[in-house]
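Structure assessment
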Amino acid sequence: MKFELNDKKINELKADFEVLFVQDKNLKNFKESKALFELAKYKGEGNLLDLANKRLFVELKGLDYESIRLASFNAYKELEKLDIKSLKMKAIVGDCVVRSFAALAEGMIFANYKFDKYKSEKKTSSLEKIIISSEEINSKNFSKEEALIGLERGEILANATNFTKDIVNEIPENYTPLKMAEDALKLAKENKNIKCEVYDEKFLKKEKMNAFLAVNRASAHPPRLIHLSYKAKNSKQKIVFVGKGLTYDSGGLSLKPADYMLTMKADKSGASAAMGIIKAVAELNLELEVHCILGATENMIGGNAYKPDDVLISREGVSIEVRNTDAEGRLVLADCLSYAQDLKPDLLIDMATLTGACVVGLGEYTSAIMGNNENLQNSFYEASKKSGEYTCVLHFNPYLKELVKSNIADISNTSSSRYGGALTAGIFLDKFIRKDYKDKWLHLDIAGPAYVEKAWGYTSFGAGGAGVRMCVNYLIEILKRAK
Ligand code: BES
Ligand code: ZN
Ligand code: ZN
């Protein structure tokens, strides 16, 4: 799919079809289509296809970015059924030109996403070219340059999100820690600014990453610690992302019931998001240094599986009582966060499908933001809002620590309370954050939107690519502030 910004008036542009966005419910801008509207009883809601005149009317609920994404998505979904190659439309401009154009591109590219690798019959769309007329824009603050920046940003962000979705959607039989390492190396090969180091179990042993290793023990597939990095010439800050990369989570000996095990191929979503983020950062040439530490392993059962009652000595030297082998993500993250802090980050963000409790509490569309620095959490929340991802800040309190106390070790991997599981998981991770990094750390629980078993908004069935857009948008905000 290609986007083109054209100075010509919409009527002078040649295309197979035209999309008209309907914002005004009294439809006064479309007088010439009055008869058609009356015949079709169209009142400006949803889509109306005018095949005779090769026009599609699409409802635009507002000029906010989410409405732009949705309208653009709906236009594509309607037209992909037809045999057309090109379409034209007027530009939609909300508060910020860059963000409006980015939203437009995102909507279309998300509409074009499908995971049909395992379908015998594949549906492909003939739509290749989207021509946007900039002529009719009356807005004073419109600049063509900004529109082009927006389109490019939208394309990069949406493609990176779709890249993440493809990894998450891939089946556990094929997507092992070794495959994740292979993909990370491929990413580095394709982008000269990205470097990749892959570490095996010998390295994990040498680094005393015993919590990570314990989770892997009963798996037929060896674990990998994957370190991706990118450094711009004029880097302003060092940001380290840590991603939970459970290529399958059966629960281990604390085995999940059958219904709950389903979708656990998506337990690699945190690591997959980190890969999408570094891809976008490199393509946008952001003036930052970005590292991604991915903890890739399966959580399986077997004679050599780690057990409830075991005590593990983590890389930080903190001993952990295992009370439930299904609370494995925090064990992998504990060791990866330890490794990540050695890189001396200015900002440390971990992403994980960490708890079912987060999905129960916030629903399937919202990720949780946790940490110790309220300003940092709030500014991340603001950035996520504009990005099209939904988040909610969950606040720690001094009483939560009590709930993860262990009688025999420094901390327990489960809470003694059945309530507030997303927060107690966050508090567990906090134990592994050193004093110097307490204020520089964010924990994102993306368990809800990482994978949803029905399409919603402009997101298709399955993986949602959660984390990619909000984090990259936040990085862009950091750079704006540094100016
Ligand atoms: N990967 C799961 C969390 C999860 C559940 C993500 C549902 C997405 C959808 C995680 O490893 C897990 O099983 N957590 C347990 C923790 C509990 C044993 C303390 C949970 O949430 O039930
Ligand atoms: Zn689990
Ligand atoms: Zn898990």
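So, here's what we can say about the structure. This structure is a prediction, so every number in the text was calculated from the model and none was measured.

Considerations on the coordination of the zinc ion (ligand 3)
Those protein atoms acting as donors to the zinc ion (ligand 3) are K244 (NZ), D249 (OD), D267 (OD) and E328 (OE), and they sit at 2.0 to 2.4 Å. Here the zinc ion (ligand 3) binds 6 donor atoms, and the angle range of 76 to 174° at the metal identifies the geometry as octahedral. Each donor residue of the zinc ion (ligand 3) belongs to the same chain, and together they define the spacing K-x4-D-x17-D-x60-E. A separation of 3.2 Å is found between the zinc ion (ligand 3) and the zinc ion (ligand 2), which share D249 as a coordinating residue. One end of the pair, K244, is in strand 9 (residues 238-249); the other, E328, is in the loop between strand 12 (319-321) and helix 10 (329-341), with 84 residues separating them in the sequence. Overall, K244 belongs to the buried group, its relative accessible area being 2%.

Focus on helix 14 (residues 468-482)
Taking 1.5 Å as the rise per residue, helix 14 with 15 residues should run 21 Å; its terminal C-alpha atoms sit 21 Å apart, in good agreement. By the criterion of burial, helix 14 is predominantly enclosed, with 12 of the 15 residues buried. Every buried residue of helix 14 is listed here: V468, R469, M470, C471, V472, N473, Y474, L475, I476, E477, I478 and L479.

A closer look at the site of ligand 1
Within the structure, ligand 1 sits among 15 residues, and K256, D267, D326, E328 and G356 are positioned closest to it. D249 has a polar side-chain atom sitting 3.0 Å from an oxygen atom of ligand 1. Within the side chain of E328, one N or O atom sits 2.8 Å away from an oxygen atom of ligand 1. Computed on the free molecule, ligand 1 has an accessible area of 520 Å², of which 75% lies beneath the protein chains in the complex. In this structure the site holding ligand 1 corresponds to the largest pocket. In terms of residue class, the shell around ligand 1 is made up of 4 nonpolar, 4 polar and 7 charged.

Some remarks on the sheet that holds strand 16 (residues 411-412)
An order of 11-12-16 is seen for the 3 strands of this open sheet, with the pairing classed as mixed. The open sheet has two edge strands, strand 11 (311-313) and strand 16, and neither has a second partner.

Topic: the packing of aromatic side chains
Summed over all chains, the structure comprises 15 aromatic pairs. Where F30 meets F37, the ring centres are 6.4 Å apart and the plane angle is 70°; that geometry is what we call edge-to-face. Comparing F30 with F37 shows no difference in burial state: the two are buried. Look at Y199 and F203: their rings are 4.0 Å apart centre to centre, the planes differ by 20°, and that puts the pair in the stacked class. In this structure F203 comes out as buried when scored by relative accessible area, which is 14%. By way of ring pairs, the aromatic residues F30, F37, Y42 and F57 are connected into one cluster. It is K165 that lies over the ring of Y113; its NZ or CZ is 4.8 Å from the centre. Taking the ring centre of F163 as reference, the NZ or CZ of K279 above it sits at 5.4 Å.

Reading the values: the criteria
Residues numbered from 1 in each chain as written. Chains lettered and ligands numbered in written order. Predicted model: local features only at pLDDT ≥ 70, side-chain atom pairs only at ≥ 80, totals over all residues. Heavy atoms only, no water. Donors = N, O, S within 2.8 Å, 3.2 Å for Na, K, Ca; no water. Tetrahedral: all angles 85-135°; square planar, octahedral: opposite > 155°, others 65-115°. Helix = DSSP H or I, 4+ residues; strand = E, 2+ residues; numbered from the N terminus. Buried < 20%, exposed > 50% of the residue type's maximum accessible area, 1.4 Å probe, protein only. Expected span 1.5 Å × (residues − 1). Near = heavy atom within 4 Å. Polar contact = N/O pair within 3.5 Å; in protein donor to acceptor, adjacent residues only side chain to side chain. Areas by Shrake-Rupley, 256 points an atom, 1.4 Å probe, with all protein chains shown as cover. 1 Å grid on protein atoms, 1.4 Å probe; cavity = no way out; pocket = protein on both sides within 12 Å on 5 of 7 lines; lining within 4 Å. Sits in = over half its atoms within 2 Å of the grid points. Nonpolar A, V, L, I, M, F, W, Y, C, P; charged D, E, K, R; others polar. Pairing = 2+ DSSP bridges. Phe/Tyr/Trp six-rings, centres within 6.5 Å; stacked < 30°, edge-to-face > 60°. Lys NZ or Arg CZ within 6 Å of the ring centre and 35° of its normal.

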